[in-house]
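Below, each chain spelled out in residue letters.
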Amino acid sequence: MISIPMRILMFNTPLTGHFLPLLPLARALRTQGHDVAFVSAAAMADSVGAEGFEFIPAGPTVDVAIAEVTRRRGVDMMTSPSPALVAEFFAGARVDLGVDEALAGARAWEPDLVVSEHCDFVGPLVAAVLKVPSAVMGIDPALEPDVLDALASTAHSRYLDRGLQAPAHAPSGRWLLDVCPPGLQRDGALPPLKRIALRPEPHQAAEGTPRAARVPGTGRPRVLVSLSTTRDAAPTLGPLLRSLSALDVDLVATSGGIPVGDLGLEPGRVEMVTFVPAAELLDDVSVIVHHGGSGTTFGAAARGIPAVVVPGAPGQQRQAFRVQAAGAGLALPIGDQAPESVTAAVVRLLAEPGFTAAAQRLRDEIAAMPTAAEVAERLVAAVTA
């Protein structure tokens, strides 16, 4: 299909987990001859630059936006993440502190289409001001109704202040690009937008990047522990890996460069990796232990890998419950994630083939979803129709 080159401006909350899901579509659009740029806080410049996309810095970092929410509401949203505080962060503080800068950059760049991940409320407002079509990418299973209502309510005044008609619901846009496979989606939870399914993909390195060096497997089941990637994880990661090391498995764990000696493990018992693209990290994995981030949840599902999900926040718990409801893993409740509980769950997933069978059903669902290249063509055709 031949199409006139377009200019697509993408917006994301300045967190890696909110940026990576946009990449397959951005890469596909670029391959098809379109110009793509990203708008986010300056802290995302290196991540965007590494992919070769133009970057427009705008808005606060996550820490600054959280501090602003605390100042406004007098409550720390990290300890009390109520729907009202979540909405104040995404649809209030981030918009108030960043939309003018984003508008200036967008006006200069002159996009034909705006694409935002579903937690970003700056992009849809910019699109409304500039009167260009917009699409929203649902990078998680649909949010809870009370959170969606709070987001729409908080965003409402930001539109009225600029003489715009406020959307009746959140997220908003002309199209919903939904990367959640049907088996993990909550029935009746999607907003009334034109839905376009988009196949989720485990994150792949930029083209031409050599594969990371890995420790060869022994032929035993490979268990991947992909939790925190900071050195602060050592107090919890060490006990968990020591517990799992008693199993007859090959262990792989992500870390922020934590030395094995700091974890109390025998040398060579665990392959510790820093950042390896998920598309490589998930190779030959039999079971994964993770927090419930959408990228890891959908990446594991795309490979048919059953999961033990140990959520640390309500948003992660949403993914955990959906994985368990699909039969593709086990969810441990927040506050009940002792190493022995995680190990027992891993043992069940290795011993009971029903979990792998359910995960493989999700894999087949995802394989049937349209690719990023197909969606890119469809989206451009819809905009130019």
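Structure: above.
These numbers come from a predicted model, not from an experiment.

Let's shift gears to unusual backbone geometry. Ala 170 connects to Pro 171 through a cis peptide bond whose omega is -5°. Along the chain, Pro 171 falls in the loop between helix H7 (145–160) and strand S6 (175–178). Even without a glycine there, the phi angle at Glu 110 is positive, about 60°. Structurally, Glu 110 is set in the loop between helix H5 (83–109) and strand S4 (113–117). Backbone geometry at Lys 131 places phi at a positive 60°, although glycine is not the residue there. Tracing the backbone through its elements, the reader meets Lys 131 in the loop between helix H6 (122–130) and strand S5 (134–138).

Moving on, we get to the packing of H5 against H6. Running from N to C, H5 and H6 cross one another at 50°; their axes reach a closest spacing of 9 Å. Relative to H6, the element H5 is oriented oblique. Viewed along their axes, H5 and H6 form a crossing whose handedness is right-handed. Note on element contacts: H6 touches H5 through Val 122, Leu 125, Val 126, Val 129 and Leu 130, opposite Arg 94, Val 95, Val 99, Ala 102, Leu 103, Ala 106 and Arg 107. A class-by-class count of the residues in the contact of H5 with H6 yields 10 nonpolar, no polar and two charged.

Let us now look at the nonpolar core. Core analysis: the largest hydrophobic core is formed by 59 residues, its most contacted members being Met 10, Leu 25, Phe 38, Val 115, Leu 177 and Leu 379. Sequence-distant contacts of Val 115, that is, excluding residues within four places in its chain, are made with Ile 8, Leu 9, Met 10, Phe 11, Leu 22, Leu 25, Ala 135, Leu 177 and Leu 379. Counting 44 residues, the second-largest nonpolar core is a separate cluster that includes Val 62, Ala 65, Val 99 and Leu 151.

The next thing to look at is the packing of helix H2 (residues 23–31) against helix H14 (residues 372–384). Relative orientation of the contacting elements H2 and H14 amounts to 65°, with a least axis distance of 8 Å. Regarding the angle of H2 to H14, the classification is roughly perpendicular. With respect to the hand of their crossing, H2 and H14 are arranged in right-handed fashion. Contact residues: Pro 24, Leu 25, Ala 28 and Leu 29 in H2; Ala 372, Ala 373, Val 375, Ala 376, Leu 379 and Val 380 in H14.

Strand order across the open sheet formed by six strands is S10-S9-S8-S11-S12-S13, with parallel pairing between neighbours. Looking at the sheet topology across the chains shown, the edges are occupied by strand S10 (270–273) and strand S13 (329–331). Between one strand axis and the next, the sheet turns through 15° on average, direction left out of account. The sheet contact formed by strand S8 (residues 222–226) and strand S11 (residues 287–290) spans four bridges and is parallel. Looking at S11, one finds that Val 225 is bridged to Val 289.

Before going further, it helps to examine the sheet that holds strand S7 (residues 194–197). Sheet architecture is open: seven strands sit in the order S3-S2-S1-S4-S5-S6-S7, paired in parallel fashion. Strands with a single pairing partner mark the edges of an open sheet, and in this sheet they are strand S3 (54–57) and S7. Along the sheet, successive strands turn relative to each other by an average axial angle of 25°, direction set aside. Alignment of strand S1 (residues 7–11) against S4, held across four bridges, turns out to be parallel. Among the inter-strand pairings, Ile 8 is bridged to a residue of S4, identified as Leu 113. Against the sheet, H5 engages S1, strand S2 (35–40) and S3, with an angle of about 165° to S1.

Turning our eyes to something else, we now look at the packing of aromatic side chains. Scanning all chains against the criterion turns up three aromatic pairs. With centroids separated by 5.2 Å and ring planes inclined at 70°, the aromatic side chains of Phe 19 and Phe 38 adopt a geometry described as edge-to-face. With Phe 19 in helix H1 (residues 16–19) and Phe 38 in strand S2, this residue pair connects regions lying 19 residues apart in the sequence. Take Phe 19 and Phe 38: they sit in the same class, and that class is buried. Seen from the ring of Trp 109, Arg 7 lies directly overhead, with NZ or CZ sitting 3.9 Å from the centre.

Another point: the side chain of Arg 94. Its place among the elements puts Arg 94 in helix H5. Assessed through its relative accessible area of 5%, Arg 94 is described here as buried. Those residues in contact with Arg 94 that lie beyond four places of it in its chain are Asn 12, Thr 13, Pro 14, Pro 60, Ala 65, Phe 89, Val 99, Asp 120, Phe 121 and Val 122.

Parameters at a glance
Residues numbered from 1 in each chain as written. Predicted model: local features only at pLDDT ≥ 70, side-chain atom pairs only at ≥ 80, totals over all residues. Heavy atoms only, no water. Helix = DSSP H or I, 4+ residues; strand = E, 2+ residues; numbered from the N terminus. Axes fitted to C-alpha atoms, helices over the stretch in contact; angles between N-to-C directions. Parallel < 35°, antiparallel > 145°, perpendicular 65-115°, else oblique. Left-handed = near helix turned anticlockwise from the far one by under 90°. Contact = heavy atoms within 4.5 Å. Nonpolar A, V, L, I, M, F, W, Y, C, P; charged D, E, K, R; others polar. Core = buried A, V, L, I, M, F, W, Y, C linked by side-chain atoms within 4.5 Å. Buried < 20%, exposed > 50% of the residue type's maximum accessible area, 1.4 Å probe, protein only. Pairing = 2+ DSSP bridges. Phe/Tyr/Trp six-rings, centres within 6.5 Å; stacked < 30°, edge-to-face > 60°. Lys NZ or Arg CZ within 6 Å of the ring centre and 35° of its normal.

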